[in-house]
Amino acid sequence: MTATRAIKVLGLGGSLRNGSQSERALRIALAGAEEFGATTSALTGEALQLPFYDAGVVDRTDRARELVEAVREADGVVVVSPGYHGALSGLVKNALDYVEDLRDDGRPYLHGRAVGLIAVAHGWQAAVTTLNQMRTIAHALRGWPTPFGGAVNSAEVKFDETGGASEERIERNLRLIGRQVTEFASAQLAAGFGASPNG
């Protein structure tokens, strides 16, 4: 069975610094998804400057509504976070908290969606611990973390403005994450589990 439409993959994360290393890693993963036929979009930087998530508050800012709707429409998601002091950034964690607004959907939270995860930190310890935390969060949101996850040590690897990485192996691995998200989403769609506003 094959998917009957283009797979939609959402990239989410990075930091407030425009063109950050983590955002560049995300762009490579999304390029990998596109190579396998997905259409991609990304919410990074300013788009993630949201009020602290509060489930008791009904009103949402325009940015928050855009985020929730983008996740709702996505067949798969790639999330990237810088590692700050051994953990994911508050910016990315707060954005993921807004997925709670999908709790009453027919397809709640990240149910049935592949979730590619990438952590970028200055050192292996922070990169790996951040990636592990992101996997735990993806599970809690009912997502399916891809078999391959990306822990990138920015002390050893640099990303350039043209969309490349200083190590070919890292670039190849990031593209693989995008590919795995697309492949899983294609299988889900072919089996009749495609995303829709209400399941």
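Here's a quick rundown of the structure. Along each chain, residues carry numbers from 1 onward, in the same order as the chain's sequence is written. It should be noted that, the model being predicted, local features are given only for residues of pLDDT at least 70 and side-chain atom pairs only at 80 or more, the latter also being counted only at that level, while totals for whole chains, interfaces and linings use all residues. Heavy atoms from the whole structure form the basis of all side-chain values; hydrogens and water molecules are not counted.

**Considerations on the overall build of the protein**
Okay, so step 1: Within the protein one finds five helices and seven strands.
Okay, so step 2: What counts as a helix is a DSSP run of H or I of at least four residues, what counts as a strand is a run of E of at least two, and both are numbered from the N terminus. The secondary structure elements of the protein, listed N-terminal to C-terminal, are β-α-β-α-β-β-α-β-α-β-β-α.
Okay, so step 3: For a compact globule the rule gives 2.2 Å times the number of residues to the power 0.38, and the radius of gyration it is set against comes from C-alpha atoms. Relative to the 2.2 N^0.38 estimate, which gives 16 Å for 199 residues, the radius of gyration of the protein is 16 Å and therefore close to what a compact globule would have.
Okay, so step 4: Seen along its three principal axes, the alpha-carbon backbone of the protein occupies a region of about 45 × 40 × 25 Å.
Okay, so step 5: Taking all 199 residues of the protein together, 52% fall into the buried category.
Okay, so step 6: In this analysis, two residues are considered to be in contact whenever any of their non-hydrogen atoms come within 4.5 Å of each other. Contacts in the protein between residues far apart in sequence, at least 24 positions, make up 76% of those at least 6 positions apart.
Okay, so step 7: Here, Shrake-Rupley sampling with a 1.4 Å probe gives the accessible areas, and only protein chains in the shown set may cover a residue. Of the roughly 9,300 Å² of accessible surface on the protein, 52% is carried by carbon and sulfur atoms.
Okay, so step 8: His is not counted, nor are the chain ends, whereas Lys and Arg count as positive and Asp and Glu as negative. We put the charge of a Lys on NZ, of an Arg on CZ, of an Asp on CG and of a Glu on CD. Put simply, the protein has 20 plus and 23 minus side-chain charges, and the middle of one group is 3 Å from the middle of the other. Residue exposure (1.4 Å probe, protein chains only): buried if accessible area is under 20% of the type maximum, exposed if over 50%, otherwise partly exposed.

**Structural notes on the nonpolar core**
Okay, so step 1: To define a nonpolar core, start from buried Ala, Val, Leu, Ile, Met, Phe, Trp, Tyr and Cys residues and group those joined through side-chain atoms within 4.5 Å. Grouped together as the largest cluster of nonpolar side chains are 32 residues, with contacts concentrated most on Leu67, Val79 and Leu96.
Okay, so step 2: For this core, the secondary structure elements donating two or more residues are β1 (8-13), α2 (62-73), β3 (76-84), α3 (90-97), β5 (114-121) and α4 (124-140).
Okay, so step 3: Among the elements that take part in this core, α2 stands out by supplying five residues, more than any other.
Okay, so step 4: Discounting chain neighbours no more than four positions away, the residues touching Val79 are Leu12, Val92, Leu96, Val115, Gly116, Leu117, Ile118 and Met134.

**As for unusual backbone geometry**
Okay, so step 1: The backbone phi angle of Tyr109 is positive, close to 50 degrees, even though this residue is not glycine.
Okay, so step 2: Locating Tyr109 in the fold gives a position in the loop between α3 and β5.
Okay, so step 3: Non-glycine residue Arg142 carries a positive phi angle of around 70 degrees.

**Brief notes about the pattern of salt bridges**
Okay, so step 1: Whenever Lys or Arg places a side-chain nitrogen within 4 Å of a carboxyl oxygen from Asp or Glu, that contact is recorded as a salt bridge. Summed over all chains, the structure comprises 13 salt bridges.
Okay, so step 2: Close ionic contact of Arg27 with Glu23 constitutes a salt bridge, the shortest N to O distance being 3.3 Å. Taken as a pair, Arg27 and Glu23 lie in helix α1 (residues 21-35) at a separation of four residues, close to a single helical turn.
Okay, so step 3: Overall, Arg27 belongs to the partly exposed group, its relative accessible area being 41%.

**Things to note about the pairing of β3**
Okay, so step 1: Where burial is concerned, most of β3 is hidden: eight out of the nine residues are buried.
Okay, so step 2: The rule for pairing is simple: two strands pair if DSSP sees at least two bridges between them. Bridging between β1 and β3 involves five bridges; their strand directions are parallel. Across the sheet, Leu10 pairs through a bridge with Val77, a residue of β3.
Okay, so step 3: Pairing of β3 with β5 involves seven bridges; the strand directions are parallel. Opposite Val79, over in β5, you have Leu117 as the bridge partner.

**Focus on the side chain of Thr146**
Okay, so step 1: Within the secondary structure layout, Thr146 lies in the loop between β6 (144-145) and β7 (150-153).
Okay, so step 2: For Thr146, a relative accessible area of 4% gives the class buried.
Okay, so step 3: Once residues lying within four places of it in the same chain are set aside, the contact partners of Thr146 are Val115, Gly116, Arg135, Ile177, Gln180 and Val181.

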